[in-house]
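What follows is each chain in one-letter form.
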Amino acid sequence: MENFKIEVDGDGIALVTFDVPGRSMNTLTASVIREIGEVVETLKSDAAIKGAVITSGKTTGFCAGADLGELGGAEGGFGSGDLKAAFDAGFALNKAFRALETGGKPVAAAINGLAMGGGLEMTLACHYRVVADNPKIQLSLPEAKVGLLPGGGGTQRLTRLMGVMAAAPFLLEGKSMKPAEALGFKVVHEVVPAGQEVEAAKTWVKTKGDPVAPWDKKDFKLPGGGPYTASGSQVFIMGNAMLRKQTYGNYPAQLNIMKAVYEGLQVPFDAAIRIETRYFLKTLMSPQARGMIRTLFLSLQELGKGSGRPAGVPHYDVKKVAVLGAGMMGAGIAYVQAMAGIETVLIDQTQEAADKGKGYAEGLVKKAVSRGKMTAEKGEAILALIHSTADYANVKGSDLVVEAVFENRDVKASVTKLAEAQLADTAIFGSNTSTLPITGLAKASVRPASFIGIHFFSPVDKMGLVELIMGEETSQEALAKSIDYVLKIKKTPIVVNDSRGFYTSRCFGTFVQEGMELLSDGYAPAIIDNVGRATGMPRGPLEMHDDVALDLSYKIAQQTKKDLGDKYEERPFTAIIEKMVEGEGRYGRKNGKGFYDYPENGPKTLWPGLADLAPVRIAEVDKVGIEQIRTRLLYRQAVEAARCFEEGVITDPREADVGAILGWGFAPWTGGPVSLIDGVGAAKFVEACDALAQQYGARFSPPQLLRDMAAKGETFYSRFGVKEQAAA
């Protein structure tokens, strides 16, 4: 066997070491699943073996779960039309684990590191579980996060161990357990000092080893009761309501998990895991699973490894970075840099303003220390890396500069010149602008080849994306160095070409703008935001507009109008924003006044005065109306993404989808706007957009690129040279 090594000691206990060759982490590949059968056969047939302990040969953890890349490649088997072949392929993992569980000899798991997905399911198929006492160890079934459900018995074993109510968040949300928490839930039997888990597991096998799982015993009772009991039925009634509230019906994985649990708990275990496999296959073949696996797992991993980095440029180790502007964005950038061990110079117009920016990092560090997530010594070391100052002489020696001042050309030009006077020729200058074209900003630079857009998202410490924007003169060397920087601060980079709004701001803007169009059409604000959330967006368009700041939108619009002149298109909602900002001083959440009022104590409420600026003519909508609003909000963003491809603003579907979900929260269940179009099909999408354009205006008109793709039956992932990742 390639993936397992079996050593039998003098007591007849087989130590089965799981160690996939050539990989930093164990995963459940097809060959691993086959070899589990060989391990079981060896344990059963060798009379000298009295029991077994399964552990990992990796220091990185026990097992990270199924190999989703390989799972994607198996799509032909699952989707061939042969139902028996599809079921057999899907049932392989369940079959292997069940054989381990019913092999007649006691098997204990010695968990020396994280066990996720199929890795945790493997341990649940063992009769006893010992885990190392390490708070960094995670035990979880995260499949729901990528549109799947556990397919190795997880929906059945975890609920039988914990009860339905306790298991629900770990199945439906993919929450992680720490070792102590798992012990409390009776998911593991022992927590022992690190390095002693194998010996503790062997001791159990020698002294108490029981080869029968609890659910295979006649006296087994489900904790909390099953769906047919008074208490258990309430869990499912409430669970269905909560599921609808949280997912709006967009995620089939969560619904199918509930169904698998409900049905599986009413039948013998062998029938239950067959039910689980059927729901696993049904979920696996859904467009939601395809899109989410591809974007949130495969593509995210590739981009996180720097797949867009130009070849031939030596690695650039960024050790010192100057951040110009100590507002919320600059302060957040300084914090993530210091967390990555980068010496940071935080500059503002006055020492007081710079110190205030450093105070943001001080607050985050203090909170982390108080919660036990960081030692006081480490916190002090992180803060020592941030030097707040008003003196540009401190920029000298920086490997990179991130300019994060106001969205004003003159201000940006001024600080660019001040900083560049201190830079070495090898250093990179990055502008954290969200809308202003980089080529124009680079005119203030004496080294435009080293000038690039580095667009962060707020709050920087929580948002995982950085959008890198190539100006007309930006060099491939500058891009490579910038990607090295982004990876060092543990963010995911996407690369786009220059245009107004670039990719993320431009497409996100269409969501809030379409919300404003709906407001101008007379829809009640509550309807707009409620349906907006129901699309899968993190907030409704009016709420999100408040979050990003109404005055910022107003300033951007004014700058755009100035830049475009006669080409600028006034929309009906423009006057509403102007009156709110200029007439009412309503800037959004930041000053407690936007489309909503934000009292210091209590929940936000819609601003009553909005009805005077945008009279409500549509106060109720039926299902057809709701679907029409959903379509307008989602398709408006997707058609803009398609325009970005046609104009060459973005060229990689992976970056378009990952950037959309990480950058502005585009409905994750779709896999991203590109996956949404591919899932619907270019022809159907064009037909729908033509109908929307006829009814609502040219903003929905599909670009010629989409019409060409529709005629040829192409997808974005095939047309733009990315090997189609069969995500299911």
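A. Structural view of the overall build of the protein chain. The helix and strand tally for the protein chain stands at 31 helices and 19 strands. Here the C-alpha atoms of the protein chain give a radius of gyration of 28 Å, agreeing with the 27 Å that 2.2 N^0.38 yields for 728 residues. Overall size of the protein chain, expressed as C-alpha extent along the three principal axes, is 85 × 60 × 55 Å. Across the 728 residues that make up the protein chain, the buried fraction comes to 55%. Within the protein chain, counting contacts between residues at least 6 apart in sequence, those at least 24 apart form 72% of the total. In the form shown here, the protein chain has an accessible surface area of approximately 30700 Å², with 53% of it arising from carbon and sulfur atoms. For the protein chain, the separation between the mean place of its 82 positive charges and that of its 85 negative charges on side chains is 3 Å.

B. Spotlight on the sheet that holds strand β8 (residues 176-177). Ordered in space as β5-β7-β8, the three strands form an open sheet in which the pairing is mixed. Looking along the sheet, the strands with just one partner apiece sit at the ends: β5 (115-116) and β8. Here strand β7 (residues 139-140) runs beside β8; their pairing, made up of two bridges, is antiparallel. Paired with L139 across the strands is M177, a residue of β8.

C. Structural detail: a positive patch on the surface. A surface patch of positive charge is lined by K178, K367, R371, K373 and K462. Tracing the chain through its elements places K178 in the loop between β8 and α8 (179-184). Residue classification places K178 among the partly exposed residues on the basis of a relative accessible area of 41%.

D. Seen up close, the pairing of strand β3 (residues 51-56). Judged by how many residues are buried, β3 sits mostly within the fold: six of six residues are covered. In β3, alternate side chains face the same way, and those of G51, V53 and T55 on one face and A52, I54 and S56 on the other are all buried. Between the parallel pair strand β2 (residues 13-18) and β3, the chain is carried across by helix α1 (residues 30-45), and the sense of this crossover is right-handed.

E. Geometry of the nonpolar core. The biggest cluster of nonpolar side chains holds 91 residues, and the ones touching the most others in it are Y503, L519, F595 and F716. The leading source of residues in this core is helix α26 (residues 623-646), at ten residues. With residues near it in sequence (within four places) discarded, Y503 still touches E467, I494, V496, A641, C644, V649, I650, E655, A656, A660, W664 and P673. Core analysis: the second largest hydrophobic core is formed by 75 residues, I111, L141, A144 and A260 among them.

F. Local environment of the sheet that holds β2. Taking strand neighbours across the sheet as the criterion, the six strands line up as β1-β2-β3-β4-β6-β9 in an open arrangement whose pairing is mixed. Looking at the sheet topology across the chains shown, the edges are occupied by β1 (4-8) and β9 (190-192). Between one strand axis and the next, the sheet turns through 20 degrees on average, direction left out of account. Bridging between strand β4 (residues 107-111) and strand β6 (residues 128-132) involves four bridges; their strand directions are parallel. By the bridge assignment for β6, A110 is matched with V130. In this fold α1 packs onto β1, β2, β3 and β4, with an angle of close to 15 degrees to the strand it touches most, β1.

G. A look at helix α24 (residues 574-583). Within α24, the full set of buried residues consists of T574, I576, I577, M580 and V581. Axial view of α24: buried residues confined to an arc of 165 degrees, hence all on one face. In α24, the exposed positions that point more than 90 degrees away from the buried face belong to E582 and G583. Those residues of α24 that are buried lie in contact with α20 (504-520), α22 (541-548), α23 (550-564) and α25 (610-613).

H. Fine view of the packing of aromatic side chains. Inspection of every chain in the model, using the stated rule, returns 17 aromatic pairs. Plain terms: the ring middles of F87 and F91 are 5.2 Å apart, the flat faces sit at 15 degrees to each other, and that makes the pair stacked. Within this pair, F87 and its partner F91 are both found in helix α4 (residues 83-101), separated by four residues, close to a single helical turn. Here F87 matches F91 in class, with each residue buried.

I. Spotlight on the side chain of T435. Mapped onto the fold, T435 is located in the loop between β14 (428-431) and α18 (438-441). Excluding residues within four positions of it along the chain, T435 makes contact with E407, S499, R500, G501, F502, S505 and I556.

J. Focus on the side chain of E543. Positionally, E543 belongs in helix α22. A polar contact is formed between the side chain of E543 and the backbone nitrogen of G540, at a distance of 2.8 Å. Look past the residues within four positions of E543 in its chain and what remains in contact with it is D529, R533, Y596 and K604.

K. Representation of the confidence of the model for the protein chain in the model. In the predicted model, the protein chain carries a mean pLDDT of 93, and 97% of its residues have values of at least 70. Throughout residues 724-728 the model reports pLDDT below 50, and contacts reaching past four residues in sequence, or to other chains, amount to 22 contacts.

L. Representation of the packing of helix α10 (residues 230-247) against helix α11 (residues 252-264) within the structure. One can describe the packing of α10 onto α11 by two numbers: an axis separation of 10 Å at closest approach and a directional angle of 170 degrees. On the basis of their axis angle, the class for α10 and α11 is roughly antiparallel. Note on element contacts: α11 touches α10 through Q254, L255, M258, V261 and Y262, opposite F236, G239, N240, L243 and T247. Here the residues of the contact of α10 with α11 sort into six nonpolar, four polar and no charged.

M. Highlighting α10. For α10, spanning 18 residues, the distance from its first C-alpha to its last is 26 Å, which sits close to the expected 26 Å at 1.5 Å a residue. Here α10 has its buried residues at G232, V235, F236, G239, L243 and T247. For α10, the buried positions fall inside an angular range of 90 degrees around the axis, keeping them on one side. Along α10, the residues that are exposed and aim more than 90 degrees away from the buried face are A230, I237, M238, R244 and K245. Contacts from the buried residues of α10 go to α7 (164-172) and α11. Positive backbone phi, approximately 55 degrees, marks Y248, located one or two places after α10.

N. Expanded view of the pattern of salt bridges. Enumeration according to the criterion identifies 38 salt bridges in this entry. As a salt-bridge pair, K481 and E477 come within 2.9 Å of each other at their nearest N and O atoms. Of the two residues, K481 and E477 are both situated in helix α19 (residues 476-488); the distance of four residues between them amounts to about one turn of the helix. The class for K481 is buried, based on a relative accessible area of 6%. Here E477 falls in the partly exposed class, since its relative accessible area comes to 41%. Of the charged contacts in the structure, one is a salt bridge between E517 and R571, with a shortest N-O distance of 2.7 Å.

O. View of the environment of P211. Mapped onto the elements, P211 comes out in the loop between α9 (197-207) and α10. Residue classification places P211 among the partly exposed positions, given a relative accessible area of 26%. With near-sequence residues (within four places) excluded, P211 lies in contact with E101, G104, K105, P106 and H127.

Reading guide: rules and limits
- Residues numbered from 1 in each chain as written.
- Predicted model: local features only at pLDDT ≥ 70, side-chain atom pairs only at ≥ 80, totals over all residues.
- Heavy atoms only, no water.
- Helix = DSSP H or I, 4+ residues; strand = E, 2+ residues; numbered from the N terminus.
- Rg over C-alpha atoms; globule rule 2.2 N^0.38 Å.
- Buried < 20%, exposed > 50% of the residue type's maximum accessible area, 1.4 Å probe, protein only.
- Contact = heavy atoms within 4.5 Å.
- Areas by Shrake-Rupley, 256 points an atom, 1.4 Å probe, with all protein chains shown as cover.
- Lys, Arg positive; Asp, Glu negative; His and termini not counted.
- Charge placed at Lys NZ, Arg CZ, Asp CG, Glu CD.
- Pairing = 2+ DSSP bridges.
- Patch = residues over 30% accessible without salt bridge, like charges linked within 9 Å, V, L, I, M, F, W, Y side chains within 5 Å.
- Salt bridge = Lys/Arg side-chain N within 4 Å of Asp/Glu carboxyl O.
- Right-handed = clockwise from strand over helix to strand, strands pointing away.
- Core = buried A, V, L, I, M, F, W, Y, C linked by side-chain atoms within 4.5 Å.
- Axes fitted to C-alpha atoms, helices over the stretch in contact; angles between N-to-C directions.
- Arc of directions from axis to C-beta.
- Phe/Tyr/Trp six-rings, centres within 6.5 Å; stacked < 30°, edge-to-face > 60°.
- Polar contact = N/O pair within 3.5 Å; in protein donor to acceptor, adjacent residues only side chain to side chain.
- pLDDT = per-residue confidence, 0-100.
- Parallel < 35°, antiparallel > 145°, perpendicular 65-115°, else oblique.
- Nonpolar A, V, L, I, M, F, W, Y, C, P; charged D, E, K, R; others polar.
- Expected span 1.5 Å × (residues − 1).

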